[in-house]
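# Coordinate inspection notes
One-letter residues, chain by chain:
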Amino acid sequence: MGSLSFALGRPLAVLVLLAVASCSAAPGTAETGTAGTGTSATPAAPESGPLTAELSQFRDNYSKQVIEIQLTNTTGEAVTVLAAELQSPLFAGAINWTPDPAGTVLPPGQTKSLPARLPAADCPAQAPPSGQASPSGPDTGAPGAAGSGAVVEVRVVPAAGQPAKMLTAGAADPFGVLARNNAEMCVAQAAEAVAGFRFSPRLELSADGRRAVLRMVITPRNPDGAEAGNTLTINSIGGTTLLEEDSVAPWPRGLRVDAVGPERDVRLGIRPARCDPHAVAEDKVGTLIPLRVTVGGREGILKVDAGAQLRGRIYDFVTSACGRQ
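To keep things clear, this report deals only with the structure shown in the data block. Because the structure is a prediction, the values reported are computed rather than measured.

With that out of the way, let us pick up the state of the cysteines. Summed over the entire model, instances satisfying the criterion amount to two disulfides. Across the disulfide, Cys123 is cross-linked to Cys186 (sulfur-sulfur distance 2.1 Å). Given an S-S torsion of about -95°, the disulfide between Cys123 and Cys186 has left-handed geometry. Remark: Cys186 occurs in helix α1 (residues 177–192) and Cys123 occurs in the loop between β8 (111–117) and β9 (150–156); sequence separation between them is 63 residues. The exposure classification of Cys123 matches that of Cys186, with both residues buried. There is a disulfide in this structure between Cys275 and Cys322, and the S-S distance comes to 2.0 Å. Residues Cys275 and Cys322 share a disulfide whose torsion about the S-S bond is about -80°; that sign makes it left-handed. With Cys275 in the loop between β17 (264–272) and α2 (278–281) and Cys322 in helix α3 (residues 308–323), this pair connects stretches of sequence that are 47 residues apart. Look at Cys322 and you get buried, because its relative accessible area is 18%. When the bonded cysteines of the chain are numbered from the N-terminus onward, they pair as 1-2, 3-4.

See below:
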């Protein structure tokens, strides 16, 4: 994790937090001016700071583009965080955590996750060549490394009645959360220009109830166009924690999708991928169907959500089909 006291090399993202604390700044922590003054000073590089920061994402937020700014209080006194803002060149705007007016109290030695919704991704016209590292990946932990370390700026109140002071630090991204979300959102943006993808709420069950068929509806963006437009290729479709391919109705591979032409349905045969008691009860992403696509010079994953109505029917199907095994 990055320590809330200094910057890690040349960061690819900047996280700004507004906090108040009942204690004074930790020895060696860099102060960059009082609140509202706009003054700054070159920070020293202390060994540690009062907080550490790390980026993560809960699985049930994968389809919502919500990440977690995880803060850990390493001091012996409580800290109240009033606001958090993350700046990254991978996104078109600031990534903000919106708290209650009173903020959130971070007790000594504890970690809290602050949810922050991602804005639109900043997608270059030309995608990186296949196999080339994206500009933001897992944090290597080394200062100046080409990871996705974020600089955290934290405002703290050293004592009651005193003006807030700014601290800075690096926020680690060990799972490459920013890079992964940027890549997926840029693929989705490119795919949106070709066609819309959704699932019909209908679920066709086999006679024995052990298999079913999903219908993916593909709607070209320019159905009445006279000339060929943008294209997309569905290279393959992946299984999920709940569903896998049924060989009776195999999933398409190398399917070309054009921006012109009529709407069409694609049949996907499914069967339960697992039948343990926790499969449905603890599901987070089992009805988020991943399509591996090539579009607009990009290759990546386009996730299509089953939607609430179909999701419930899939859960009922998996439960029933597993009971017939």
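Resuming the write-up.
For soluble globular proteins, nonpolar side chains are generally found buried alongside one another. Membership of the largest hydrophobic core comes to 37 residues, with the highest contact counts inside it found for Phe197, Leu214, Met216, Ile218, Leu232, Ile234 and Leu291. When residues in this core are grouped by element, the largest group, six residues, is from α3. Here Leu232 is in contact with Ala191, Val194, Phe197, Leu255, Arg256, Val257, Val293, Thr294 and Val295, once residues within four sequence places are set aside. One finds Leu90, Phe91, Leu114 and Ala116 within the second-largest nonpolar core, a separate group that totals 25 residues.

Turning our eyes to something else, we now look at the layout of surface pockets. Of the voids in this model, the second largest pocket is the one considered here, and its volume is about 340 Å³. Lining the second largest pocket we find 18 residues, and of these Gln65, Ala188, Leu302, Lys303 and Val304 sit closest to its centre. Within the residue set of the lining of the second largest pocket, elements represented by two or more residues are α1, β11 (195–199) and β19 (298–305). No other element matches α1, which puts seven residues into the lining of the second largest pocket. For the lining of the second largest pocket, the per-class residue count stands at ten nonpolar, five polar and three charged.

Between its first and last C-alpha atoms α1 spans 22 Å; for 16 residues at 1.5 Å apiece the expected length is 22 Å, and the two agree. Here α1 has its buried residues at Val177, Leu178, Ala179, Asn181, Asn182, Glu184, Met185, Cys186, Val187 and Ala191.

Moving on: the side chain of Arg215. Mapped onto the secondary structure, Arg215 falls in strand β13 (residues 212–220). Side-chain polar atoms of Arg215 contact the side chain of Glu204, separated by 2.5 Å. Excluding its chain neighbours within four sequence positions, the residues that come into contact with Arg215 are Arg198, Phe199, Ser200, Arg202, Glu204, Asp265, Val266 and Arg267.

The element strand β4 (residues 66–73) is largely enclosed, with a buried count of eight among its eight residues. Pairing analysis gives four bridges linking strand β3 (residues 51–56) to β4, with the strands arranged antiparallel. Bridge pairing in β4 links Leu51 to Asn73. Note that β4 and β8 share seven bridges and pair antiparallel. Its bridge partner lying in β8, Val66 is registered against Arg117.

A few words on the packing of aromatic side chains. Enumeration according to the criterion identifies zero aromatic pairs in this entry. Stacked on the ring of Tyr62, the Lys or Arg Arg180 has its end atom at 4.6 Å from the ring centre.

Direction of pairing for strand β18 (residues 288–295) relative to β19: antiparallel, over a ladder of eight bridges. Opposite Ile289, over in β19, you have Val304 as the bridge partner. The turn linking β18 back onto β19 is made up of two residues, and Gly296 within it adopts a positive phi angle of 55°.

How each quantity is defined
- Residues numbered from 1 in each chain as written.
- Predicted model: local features only at pLDDT ≥ 70, side-chain atom pairs only at ≥ 80, totals over all residues.
- Heavy atoms only, no water.
- Disulfide = S-S within 2.5 Å.
- Helix = DSSP H or I, 4+ residues; strand = E, 2+ residues; numbered from the N terminus.
- Buried < 20%, exposed > 50% of the residue type's maximum accessible area, 1.4 Å probe, protein only.
- Core = buried A, V, L, I, M, F, W, Y, C linked by side-chain atoms within 4.5 Å.
- Contact = heavy atoms within 4.5 Å.
- 1 Å grid on protein atoms, 1.4 Å probe; cavity = no way out; pocket = protein on both sides within 12 Å on 5 of 7 lines; lining within 4 Å.
- Points joined across faces, edges and corners; volume = space filled by probe spheres on them.
- Nonpolar A, V, L, I, M, F, W, Y, C, P; charged D, E, K, R; others polar.
- Expected span 1.5 Å × (residues − 1).
- Polar contact = N/O pair within 3.5 Å; in protein donor to acceptor, adjacent residues only side chain to side chain.
- Pairing = 2+ DSSP bridges.
- Phe/Tyr/Trp six-rings, centres within 6.5 Å; stacked < 30°, edge-to-face > 60°.
- Lys NZ or Arg CZ within 6 Å of the ring centre and 35° of its normal.

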